Amino acid sequence: MSMLETDVRYLGGIGEKKAQALGKLGVFTLFALFSFFPGPYEARTVIKPIAMLMENESACVRGMVAETPALSRIRRGMELLKLRVMDDSGALDITYFNQSYLRDQLQKGEYYVFYGKAIVSGGRRAMTNPVFERDGAAHTVTGRIVPVYPLTAGLSQKMMMNAARQALTACADQLPDALPVSVTDKYNLAQARFSYENIHFPADFSALALARQRLAFEEFFILACALDALRGRREEHSGIRLQAADIEVFYATLPFRPTGAQRRTVSEAISDMSSGRPMSRLLQGDVGSGKTLVAAACVWYAWKSGFQSAFMAPTEILAEQHMETFCAFLAPFGVRVGKLIGTMTARQKRDVKAALLAGELDLVIGTHALLSGDVRFKRLALAITDEQHRFGVDQRAQLNEKADRPHVLFMSATPIPRTLALIIYGELDVSVIDELPPGRQAVDTFVVGEGYRPRLNNFIRRLVGEGRQAFVVCPMIEESGELPEDVKSAENHAAQLETVFPELRVACIHGRLKAKEKEAVMAGFVRGEIDILVSTTVVEVGVDVPNAALMIIENAERFGLSQLHQLRGRVGRGRHKSYCVLVSNSEGGEARARLKIMTQTNDGFKISEEDLRLRGPGEFFGSRQHGLPELHIAGMGADMNILQTAWDAARLLLAEDPGLCKPESRRLKERTQALIAAAGGRFN
Ligand code: ADP
Ligand code: MG
């Protein structure tokens, strides 16, 4: 066995307890230990004269301990160790709390380097609990760039650094260069050994940058190889081959003409389903782009070949709405549609299940209830998941396991830039509806400050007076003390609106309500029994309330652009002129500039590209809507350039060496397979 796979317990200072704590971070082996990357880093390189320390500044000082440290007990369980340190420029008062053992380590007349945060008051300078080491000793905690590890209870920074040092030394000769030399040469990447060393113990900031670049590149590169392998595996399987049918027959019955984008995406899906291989496709389209029609066309197509389809939505309200839509589209053909949701009676559920098994239903629309083990089909060919990000990867898989490799369609209203979608959903084929049905009105969008509040209230009064309804979205549930006071909480804000509008019906939904309670309030809003619905972001789901014409988002600067766009998509779904008001007091030009983009376009893809440009891909990877393995370093703000370059490089290599069979790709292949195995054999 190589050193790389050696258990962390092998290291000095790592016993059973610490090994368990590391296990919680997913770290079991030496390789995993030095692949556990730190960040951020503290620059402890500059030593400042004491007299130059500024309030709140974190810095190193070098000085002599001027007197024997004095220990005092101020009360039970509280001991202070006080000492004074001098350099040529002045004196620094240092206090340690409950670390009396340091008294023997800090000797009068000796020189030390301290690192801590300065407190400056009335011309005196002080530090509390600074780290230190003897001047002239090997630099470990001062005089260098020091990593900060994202740790859990039971582990300390010092212990982690120590362990990383030992692991790197033990594995020095076998540090895995997963990338073939041809690749590292071509893209000017730092060597593996240099990179692992400098990510943990940066010699300086430029070495750190090189290390990060190399490791992020490697991570994306291996991910690309893994996705390619998974896709290859999928393509080996055979799927249900549906018979060709003329989709124009279906289109002809619609109350409107399908858009070009709808036609194109339907043909993409149809050609998959007739190919003899299982479809595995993501349908991406902005809110209101008409994804339901595409799904209905696919259901119709499967039905023409005599097969059943299942359609899963994240909430009961959505399932009900889809029930109506699908019936309208499909009932004229005699397609038999059933519904399966949690609140149906046991008997109703039993009947639907029996009908599915007997093949007496052609389509079932439901919620998670569809996943129940006793839901079985006679001839299921197509499994569709709407708002796929609302389901876990496992749940999506469960639906798809209701038959032997049915065709699978995922639908998502989150526009993701194409470059990124190819990666995040790399295992799937992606279809994009990039065109809205004609006549759709843009939602007029404004960014306003608190000073605008009275006019905003008048605006609400006027629109509701005309019979419309309004959404108000707040960023959090209740004052928790962690966020600044001005952050509106849904509950408080609802209470406030009730006083401002005693004549209007105000209700509130937030994450603390049970799913049933949320749905009940939402259903009341859909029925028009509520004028103003205050909520946290739970309304993001694709519920259709055509009468809602106003979306107000409080503390808008706290939301990502794509999220704001999703929220805005809740209005403008009917024939009424609709508005979105982003309330933000943030003075920062950057936040304002970001929000301004919302006033300039209603195109979700443009907005998500802008989001990607401004915030980097980390947010998209971080959202965990996909089943991709967690990215160690690339998730920490790696930029799009590295991602794109690594991706292209991987495609090039795979074109030359499809199975990664060449000797120089051996390591790469191992790492790729390990990544797939760790994810349980599938990502999306
Ligand atoms: P989403 O992509 O958000 O799920 P829907 O499928 O709910 O969008 O469609 C939004 C609205 O647009 C629905 O009322 C639907 O009937 C309508 N619609 C869909 N396609 C067209 C079209 N080609 N022409 C006109 N209206 C359409
Ligand atoms: Mg929808």
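See above for the structure.
Residues numbered from 1 in each chain as written. Chains lettered and ligands numbered in written order. Predicted model: local features only at pLDDT ≥ 70, side-chain atom pairs only at ≥ 80, totals over all residues. Heavy atoms only, no water.

Enquirer: Break down the overall build of the chain for me, with residues and values.
Expert: Within the chain one finds 22 helices and 22 strands. Dimensions along the principal axes, computed over C-alpha positions, put the chain at roughly 95 × 70 × 45 Å. Buried residues in the chain amount to 51% of all 684 residues. Nonlocal contacts in the chain, meaning residues at least 24 apart in sequence, comprise 73% of its contacts between residues at least 6 apart. Put simply, the chain shows about 30600 Å² of open surface, and 51% of that area lies on carbon and sulfur atoms. Of the charged side chains in the chain, 83 are positive and 79 negative; the average position of the first set lies 3 Å away from that of the second. (Helix = DSSP H or I, 4+ residues; strand = E, 2+ residues; numbered from the N terminus. Buried < 20%, exposed > 50% of the residue type's maximum accessible area, 1.4 Å probe, protein only. Contact = heavy atoms within 4.5 Å. Areas by Shrake-Rupley, 256 points an atom, 1.4 Å probe, with all protein chains shown as cover. Lys, Arg positive; Asp, Glu negative; His and termini not counted. Charge placed at Lys NZ, Arg CZ, Asp CG, Glu CD.)

Enquirer: So what's going on with the pattern of salt bridges? Residues and values would help.
Expert: Applying the stated criterion to the full structure yields 31 salt bridges. The closest approach of N and O atoms between Arg-214 and Glu-218, which form a salt bridge, is 2.4 Å. Here Arg-214 and its partner Glu-218 are both found in helix H6 (residues 205-236), four residues apart, which amounts to about one turn of the helix. Residue classification places Glu-218 among the buried positions, given a relative accessible area of 2%. When the shortest N-O distance is used, the salt bridge between Asp-429 and Arg-231 registers 2.8 Å. Of this pair, Asp-429 sits in strand E16 (residues 429-433) while Arg-231 sits in helix H6, placing them 198 residues apart in sequence. (Salt bridge = Lys/Arg side-chain N within 4 Å of Asp/Glu carboxyl O.)

Enquirer: Talk me through the environment of Thr-292; I want residue IDs and the actual numbers.
Expert: Structurally, Thr-292 is set in helix H9 (residues 291-304). In the structure, Thr-292 is positioned 94 residues away from Asp-386 in sequence and 8.8 Å away in space, judged by C-alpha atoms. If we ignore the near neighbours within four places in the chain, the residues touching Thr-292 are His-322, Thr-325 and Phe-326.

Enquirer: Go over the site of ligand 1 with me, naming the residues and quoting the values.
Expert: Arg-257, Gly-288, Lys-291, Thr-292 and Arg-440 are the nearest of the 14 residues found near ligand 1. The separation between an oxygen atom of ligand 1 and a polar main-chain atom of Ser-289 is 3.4 Å. The backbone of Gly-290 places a nitrogen or oxygen atom 3.1 Å from an oxygen atom of ligand 1. Burial of ligand 1 by the protein chains amounts to 76% of its free accessible area of 560 Å². A class-by-class count of the residues in the shell around ligand 1 yields four nonpolar, six polar and four charged. (Near = heavy atom within 4 Å. Polar contact = N/O pair within 3.5 Å; in protein donor to acceptor, adjacent residues only side chain to side chain. Nonpolar A, V, L, I, M, F, W, Y, C, P; charged D, E, K, R; others polar.)

Enquirer: Run through the packing of H6 against helix H22 (residues 666-678), naming residues and quoting values.
Expert: Closest axis-to-axis distance for the H6/H22 pair is 9 Å, and the angle between their directions is 70°. On the basis of the axis angle, H6 is roughly perpendicular to H22. Across the interface between the two elements, Glu-218, Phe-221, Ile-222, Leu-223, Cys-225, Ala-226, Ala-229, Leu-230 and Arg-233 of H6 pack against Leu-668, Arg-671, Thr-672, Leu-675 and Ile-676 of H22. Broken down by class, the residue content of the contact of H6 with H22 amounts to ten nonpolar, one polar and three charged. (Axes fitted to C-alpha atoms, helices over the stretch in contact; angles between N-to-C directions. Parallel < 35°, antiparallel > 145°, perpendicular 65-115°, else oblique.)

Enquirer: If you had to explain the environment of Gln-395 to someone new, which residues and values would you point to?
Expert: On the secondary structure map, Gln-395 appears in helix H12 (residues 393-400). When the C-alpha positions of Gln-395 and Arg-44 are compared, they lie 47 Å apart, and in sequence the two are 351 residues distant. Discounting residues that sit within four places of it in the chain, Gln-395 has contacts with Met-312, His-368 and Leu-371.

Enquirer: Describe in detail the packing of aromatic side chains, supporting the description with residues and values.
Expert: Geometrically, a pair of aromatic rings is defined through the distance of the ring centres and the angle of the planes. Applying the stated criterion across every chain yields a total of 18 aromatic pairs. Measuring from centroid to centroid gives 5.8 Å for Phe-114 and Phe-132, while their planes differ by 40°, and the two rings are tilted. With Phe-114 in strand E6 (residues 111-121) and Phe-132 in strand E8 (residues 131-134), this residue pair connects regions lying 18 residues apart in the sequence. In terms of burial, Phe-114 and Phe-132 fall into one category: buried. On the numbers, 4.9 Å between centres and 55° between planes, the contact of Phe-471 with Phe-525 is tilted. In this pair, Phe-471 sits in strand E18 (residues 469-473) while Phe-525 sits in helix H16 (residues 515-526), placing the two residues 54 residues apart along the sequence. For the pair shown, Phe-471 and Phe-525 are each scored as buried. Ring pairs connect the aromatic residues Phe-250, Tyr-251, Trp-300, Trp-303 and Phe-333, which therefore count as one cluster. Here the basic side chain of Arg-165 rests over the ring of Phe-201, its NZ or CZ set 4.6 Å away from the ring centre. Sitting over the face of the ring of Tyr-579, Lys-577 holds its NZ or CZ atom 6.0 Å from the ring centroid. (Phe/Tyr/Trp six-rings, centres within 6.5 Å; stacked < 30°, edge-to-face > 60°. Lys NZ or Arg CZ within 6 Å of the ring centre and 35° of its normal.)

Enquirer: Could you give an account of the sheet that holds strand E15 (residues 407-412), naming the residues involved and the relevant values?
Expert: Spatially, seven strands are ordered E12-E13-E11-E14-E15-E10-E16 in an open sheet, and the strand pairing comes out parallel. Bordering the open sheet on either side are strand E12 (337-340) and E16, each of which pairs with just one other strand. Strand-to-strand twist of the sheet, defined as the mean angle between neighbouring strand axes without regard to direction, takes the value 20°. In terms of strand pairing, strand E10 (residues 280-285) meets E15 through five bridges, oriented parallel. Along E15, the bridge assignment pairs Leu-283 with Met-411. Where helix H8 (residues 260-273) meets the sheet, it contacts E10, strand E14 (380-385), E15 and E16, and its direction lies at approximately 160° from that of E16. Taken strand by strand, helix H11 (residues 346-358) contacts strand E11 (308-312), E12 and strand E13 (363-366), and its axis lies near 135° from that of E12. (Pairing = 2+ DSSP bridges.)

Enquirer: For the nonpolar core, give the residues involved together with the corresponding values.
Expert: Residues Phe-250, Phe-311, Phe-326 and Leu-330 are the most contacted members of the largest nonpolar core, which totals 61 residues. Broken down by element, the residue count for this core peaks at ten residues, all from H9. Excluding residues within four positions of it along the chain, Phe-311 makes contact with Ala-295, His-322, Phe-326, Leu-363, Val-364, Ile-365, Gly-366, Leu-370, Ile-384, Asp-386 and Met-411. If you look at the next biggest cluster of nonpolar residues, it comprises 38 residues, including Leu-189, Val-432, Leu-612 and Trp-647. (Core = buried A, V, L, I, M, F, W, Y, C linked by side-chain atoms within 4.5 Å.)

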